[in-house]
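Summary of structural features
This is what each chain is made of:
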Amino acid sequence: EFLTSHMGYTFVEAVQALSNGSATIYSMNIQQNGTKTVPPQFPSPVDGMYKNLFAYLISRGISAETIQMLVNQKTIYQEKSRNNIVFINMEKNFAEIRGTYTFGKPFHGIVHNSKPDGFWWFRTSKNAKKGYICEAAIDAISLYELHRIQKIPEDAYYISIAGASKQPAIDRLKNSKLHIVLAVDNDDAGQKCRNKNSDLEYIIPENKDWNEDLKNLKNNHIVAR
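Another point: helix H6 (residues 167–174). When we look at burial in H6, the residues that qualify are Gln-167, Ala-169, Ile-170 and Leu-173. When H6 is viewed along its axis, its buried side chains cluster within an angular range of 160 degrees and face the same direction. Residues of H6 that are buried sit in contact with strand E9 (130–134), strand E10 (156–160), strand E11 (179–182) and helix H7 (188–196).

As a further point, take the side chain of Asp-213. Among the structural elements, Asp-213 can be located in helix H8 (residues 210–224). Despite its burial, Asp-213 pairs with no opposite charge, the nearest such side chain being Lys-215 at 10 Å. Non-local contacts of Asp-213, meaning those with residues more than four positions away in its chain, are made with Leu-146, Pro-205, Glu-206 and Asn-207.

Moving on, we get to the packing of aromatic side chains. For any pair of aromatic rings, the description rests on two quantities: the centre-to-centre distance and the angle between the ring planes. Evaluation of the coordinates by the stated rule reveals seven aromatic pairs. When the ring of Phe-87 is compared with that of Trp-120, the centres are 5.6 Å apart and the planes differ by 85 degrees; the resulting orientation is edge-to-face. Pair noted here: Phe-87 is in strand E5 (residues 85–88) and Trp-120 is in strand E8 (residues 120–123), with a separation of 33 residues, a long-range link. The same class applies to Phe-87 and to Trp-120, which are both buried. Judged by centre distance (5.6 Å) and plane angle (55 degrees), the rings of Trp-120 and Phe-122 are tilted.

Bringing the pairing of E10 into the picture now. For E10, the buried fraction is high: five of the five residues fall into the buried class. Taking every second residue as pointing to the same face, both faces of E10 are buried, with Ala-156, Tyr-158 and Ser-160 on one and Tyr-157 and Ile-159 on the other. Inspection of the sheet shows E8 paired to E10 by four bridges, in the antiparallel sense. Note on E10: the bridge partner recorded for Trp-120 is Ser-160.

Between helix H3 (residues 51–59) and helix H4 (residues 64–72), whose axes approach to 10 Å, the crossing angle comes to 135 degrees. As judged from the angle between their axes, H3 and H4 are oblique. When you trace H3 past H4, the crossing you get is right-handed. In contact with Leu-53, Phe-54, Leu-57 and Ile-58 of H3, H4 contributes Ala-64, Ile-67, Gln-68 and Val-71. Class assignment of the residues belonging to the contact of H3 with H4 gives a composition of seven nonpolar, one polar and no charged.

Turning our attention to the nonpolar core. Within the largest apolar cluster, 39 residues are counted, with the highest numbers of intra-cluster contacts made by Leu-53, Leu-57, Ile-76, Phe-87, Trp-120 and Tyr-158. It is helix H5 (residues 137–149) that provides the largest number of residues to this core, a total of seven residues. Counting 16 residues, the second largest nonpolar core, distinct from the first, contains Tyr-157, Ala-164, Leu-182 and Leu-200.

Further remarks concern the pattern of salt bridges. A full pass over the atoms with the stated rule returns eight salt bridges. For Arg-148, the salt bridge identified is with Glu-145, shortest N-O distance 3.1 Å. Remark: Glu-145 and Arg-148 occur in helix H5; sequence separation between them is three residues, near one turn of the helix. Lys-208 is the salt-bridge partner of Asp-185, the closest N and O atoms lying 2.9 Å from each other. Here Asp-185 is found in the loop between E11 and H7, whereas its partner Lys-208 is found in the loop between strand E12 (201–202) and H8, with 23 residues between them in sequence. Shared partners join several salt bridges into a network, and the residues in it are Glu-65, Glu-145 and Arg-148.

The next subject is the environment of Ile-203. Secondary-structure assignment places Ile-203 in the loop between E12 and H8. In this structure the C-alpha to C-alpha distance between Ile-203 and Leu-182, which are 21 residues apart in sequence, comes to 6.4 Å. Setting aside chain neighbours within four positions, we find Ile-203 in contact with Tyr-132, Leu-143, Val-181, Leu-182, Ala-183, Val-184 and Trp-210.

With that settled, consider H3. Considered for burial, the residues of H3 that qualify are Leu-53, Tyr-56 and Leu-57. Down the axis of H3, the sector holding all buried residues measures 95 degrees, keeping them to one side. Here the buried face of H3 lies against H4, strand E4 (76–78), E5, strand E6 (95–98) and H5. Taken from the residues just after H3, Gly-61 is the one with a positive phi, measuring 90 degrees.

The rules behind these values
- Residues numbered from 1 in each chain as written.
- Predicted model: local features only at pLDDT ≥ 70, side-chain atom pairs only at ≥ 80, totals over all residues.
- Heavy atoms only, no water.
- Buried < 20%, exposed > 50% of the residue type's maximum accessible area, 1.4 Å probe, protein only.
- Helix = DSSP H or I, 4+ residues; strand = E, 2+ residues; numbered from the N terminus.
- Arc of directions from axis to C-beta.
- Contact = heavy atoms within 4.5 Å.
- Lys, Arg positive; Asp, Glu negative; His and termini not counted.
- Salt bridge = Lys/Arg side-chain N within 4 Å of Asp/Glu carboxyl O.
- Phe/Tyr/Trp six-rings, centres within 6.5 Å; stacked < 30°, edge-to-face > 60°.
- Pairing = 2+ DSSP bridges.
- Axes fitted to C-alpha atoms, helices over the stretch in contact; angles between N-to-C directions.
- Parallel < 35°, antiparallel > 145°, perpendicular 65-115°, else oblique.
- Left-handed = near helix turned anticlockwise from the far one by under 90°.
- Nonpolar A, V, L, I, M, F, W, Y, C, P; charged D, E, K, R; others polar.
- Core = buried A, V, L, I, M, F, W, Y, C linked by side-chain atoms within 4.5 Å.

Put into structure tokens, the structure is as follows:
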């Protein structure tokens with residue numbers, strides 16, 4: 001009912017989306033008269049401090065310094081109506097949404113009418129030539145954090161395509177001038193993505209994803225002290 005009433009899915013599309021076992025809800029790109037694409041309507045930001053945003057991302061092992069950097073770049077914000085985190089790309093044609101509630105599995109979706117081959121990204125330098133493709137924005141940020149902690153110097157783009165099956169975004173990135181590295185999850189969906197894109201270099205997290213690797217690394221450091 002949520003998918004059909006609020007996300008623009010047909011009944012059949014909703015059943016297919018829910019039966020594939022994915023936690024990500026993909027929006028359909030609606031066209032008017034077969035030519036015009038409806039632009040995405042991004043949620044309004046909350047007035048004042050992004051308390052839920054900071055609390056949730058810090059609980060996922062991401063440093064306040066990195067969070068503030070992304071807020072300053074205007075690539076993340078806390079939405080007004082539901083306090084979700086919006087990861088919006090600089091082209092303003094694609095955004096992921098992540099719930100900030102800590103009980104249960106947090107909501108993870110894509111803003112309705114986001115560009116089908118769109119993706120979220122940030123970079124460490126204007127001279128960056130490498131791009132890491134991750135499955136979710138939190139994983140892209142976590143990989144950046146891991147590189148920072150491990151003192152691996154990287155002038156790179158950290159990219160989220162919002163799901164391992166997002167082949168149009170991968171194809172678009174392949175056609176860019178970047179040296180692309182596939183950094184999707186360590187699971188069946190990630191392996192299918194690696195198999196389908198065997199022409200790409202890849203790295204694999206030790207755990208399921210980069211955020212789990214980041215949290216484990218930080219927890220081990222705490223224990224070691």
